[in-house]
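Breakdown of the fold
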Amino acid sequence: LFAGVSMLATTVGLYLTPFCKTAVLLITMVSVFGVSFGILDTGANVLILALWGDKGAPHMQALHFSFALGAFLAPLLAKLAWGTAASAANHTEPDFHSLMLNRSSEATSDPLFAVPDDMNLLWAYASIGTYASVVSVLLLALFCKKCSRQQKSTASAQRSQRAKYHKALLCLLFLFFFFYVGAEVTYGSYIFSFATTHVGMEESEAAGLNSIFWGTFAGCRGLAIFFAACLQPGTMIVLSNVGSLVSSLFLVLFDKNKLCLWIASSVYGASMATTFPSGVSWIEQYTSISGKSAAFFVIGGTLGEMAIPAIIGILQGKYPDLPIVLYTCFVSAIFTAVLFPIMYKLVHL
């Protein structure tokens, strides 16, 4: 029910966003997205754990693969939909500034909603909104359909036991996801700007670097669906931590070497791919995960997603000659590599 309603709210937000003519309305729509995504992110993880329990590792990987695939494809589809209009809007020209100043002086008479000047923008949002509406209908249909699976999952959840240090594990997982998600979003968000300003890459090269990071990220999440059937979640976390630590170390040591940047970025994306779904599957093996528990460590990830890129953006602006982005990824890899053995020790005490 929560997942269906959240997708329905996302649908409304997507349809209305292109028509927003004031910052307040746009902020409201973006806030709706944030709340909806938070509900869907938490609810989907809990739902998979409730349906498949400790046998759900491949399903968990499939869920997060869909996120990675969307993150990789959505910018490409948006670029195709917007065409040259989007790229032209990114360049600042004197005439454009004077036009915006004139518009700002008449802001009081502007309507709250209006048809956008660029119809490609409207169709891009409308198409994705239609897709979200179909998903919401399917989820609500599943909720309305009565079946015994929910009763079975409830009984299974009741049979599971809490670990001795349940709360401590959740707090450590909170920190683990804080650093992991923060590093993932930081690198994916700033690698383009870092490559152009710090390394001196052309924009087309930097865009390719960004694509190879998200491409290997999505590809390895797809492969992880099959690996999860034969590898334990703990093993996959260790492999991911080692790969992230080694690749981020090479990025720091050879921060201006273009070849190293290409190779290490692809390895870093591949290494980061399975960490989150493997972490959820791993913790479920040792302690019961309710909706509140899942919400707690998902909040850790979203706080990292919000705070770390914001702080790094400020620091990188103050110290443009230092690879602050790469330092952050390396330090985060150290934290996750240290936190997981501590959690592993706690579950076996």
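Residues numbered from 1 in each chain as written. Predicted model: local features only at pLDDT ≥ 70, side-chain atom pairs only at ≥ 80, totals over all residues. Heavy atoms only, no water.

As recorded in an unreviewed UniProt entry, the protein goes by Sodium-dependent glucose transporter 1 and comes from Nannospalax galili. The UniProt entry for the protein carries this comment under Sequence similarities (unreviewed entry): "Belongs to the major facilitator superfamily." (UniProt positions renumbered as here; feature names shortened; annotations may be inferred.)

1. Focus: the overall build of the protein
Summing up its helical and strand segments, the protein has 14 helices and zero strands in all. Listed by position from the N terminus, the elements making up the protein come as α-α-α-α-α-α-α-α-α-α-α-α-α-α. Looking at the 349 residues of the protein, the share that counts as buried comes to 39%. Considering only contacts in the protein between residues 6 or more positions apart, those separated by 24 or more positions represent 83%. (Helix = DSSP H or I, 4+ residues; strand = E, 2+ residues; numbered from the N terminus. Buried < 20%, exposed > 50% of the residue type's maximum accessible area, 1.4 Å probe, protein only. Contact = heavy atoms within 4.5 Å.)

2. Here's the deal with helix α2 (residues 23-52)
For α2, built from 30 residues, the straight-helix expectation of 44 Å at 1.5 Å per residue is met to within 8% by its first-to-last C-alpha distance of 43 Å. Of all the residues in α2, the buried ones are Leu25, Met29, Phe33, Ser36, Thr42, Ala44, Asn45, Val46, Ile48 and Leu49. Looking one or two residues past α2, Gly53 carries a phi angle of roughly 60°, positive in sign. (Expected span 1.5 Å × (residues − 1).)

3. Notes on a nonpolar patch on the surface
Residues Val238, Val242, Val246, Leu249, Phe250, Leu253 and Phe254 make up a contiguous nonpolar surface patch of roughly 590 Å² in combined accessible area. Looking at the secondary structure, you find Phe254 in the loop between α10 (233-253) and α11 (258-272). Phe254 sits in the partly exposed class, given a relative accessible area of 39%. (Patch = residues over 30% accessible without salt bridge, like charges linked within 9 Å, V, L, I, M, F, W, Y side chains within 5 Å. Areas by Shrake-Rupley, 256 points an atom, 1.4 Å probe, with all protein chains shown as cover. Salt bridge = Lys/Arg side-chain N within 4 Å of Asp/Glu carboxyl O.)

4. Things to note about the nonpolar core
If you look at the biggest cluster of nonpolar residues, it comprises 57 residues, and the most contacted ones within it are Phe176, Phe177, Tyr187, Leu261, Phe297 and Met343. Per element, the largest residue contribution to this core is 17 residues, and it comes from helix α8 (residues 166-199). Sequence-distant contacts of Leu261, defined by excluding residues within four places in its chain, comprise Tyr187, Phe194, Val199, Met201, Leu209 and Leu251. (Core = buried A, V, L, I, M, F, W, Y, C linked by side-chain atoms within 4.5 Å.)

5. What to know about the UniProt feature "transmembrane region" (unreviewed entry) in the protein
UniProt records the feature "transmembrane region" (unreviewed entry) for residues 23-50, 62-82, 122-143, 168-192, 238-255, 261-282, 294-312 and 324-344 in the present numbering. Annotation note: span residues 168-192, helix share 100%, strand share 0%, distance between end C-alpha atoms 38 Å. Regarding residues 238-255, the helix share stands at 89% and the strand share at 0%, and the terminal C-alpha atoms are separated by 25 Å.

6. Notes on empty space enclosed by the protein
Under the counting rule described, the total for this entry stands at two cavities of 30 Å³ or more. Of the voids in this model, the largest cavity is the one considered here, and its volume is about 70 Å³. Among the elements of the structure, α8, α10, α11 and α14 (324-347) are those that each provide at least two residues to the lining of the largest cavity. Residue classes in the lining of the largest cavity are distributed as six nonpolar, five polar and no charged. Considering only enclosed or pocket space, the second largest cavity measures out at about 40 Å³ in volume. For the second largest cavity, the full set of lining residues is Ile48, Leu49, Gly53, Asp54, Gly56, Ala57, Met60, Ser281, Glu284 and Gln285. Breaking the lining of the second largest cavity down by element, the ones donating at least two residues are α2, α3 (57-82) and α12 (275-284). (1 Å grid on protein atoms, 1.4 Å probe; cavity = no way out; pocket = protein on both sides within 12 Å on 5 of 7 lines; lining within 4 Å. Points joined across faces, edges and corners; volume = space filled by probe spheres on them. Nonpolar A, V, L, I, M, F, W, Y, C, P; charged D, E, K, R; others polar.)

7. Some remarks on the side chain of Ser36
Within the secondary structure, Ser36 is located in helix α2. A polar side-chain atom of Ser36 sits 2.8 Å from the main-chain carbonyl oxygen of Val32. Apart from the residues lying within four places of it in its own chain, the contact partners of Ser36 are Ser6, Ala9 and Thr10. (Polar contact = N/O pair within 3.5 Å; in protein donor to acceptor, adjacent residues only side chain to side chain.)

8. Considering the packing of α2 against helix α13 (residues 291-318)
The relative placement of two packed helices comes down to the angle between their axes together with the axis-to-axis distance. Across the interface, α2 lies against α13 with an axial gap of 9 Å and an inter-helix angle of 130°. Between α2 and α13, the angle is such that the two are oblique. Crossing hand, α2 versus α13: right-handed. Between α2, through Asp41, Thr42 and Val46, and α13, the contact on the second element is made entirely by Gly291, Ala294, Ala295 and Val298. (Axes fitted to C-alpha atoms, helices over the stretch in contact; angles between N-to-C directions. Parallel < 35°, antiparallel > 145°, perpendicular 65-115°, else oblique. Left-handed = near helix turned anticlockwise from the far one by under 90°.)

9. Re the packing of α8 against α13
The N-to-C vectors of α8 and α13 enclose an angle of 35°; their axes lie 7 Å apart at closest approach. Here the hand of the crossing between α8 and α13 comes out right-handed.

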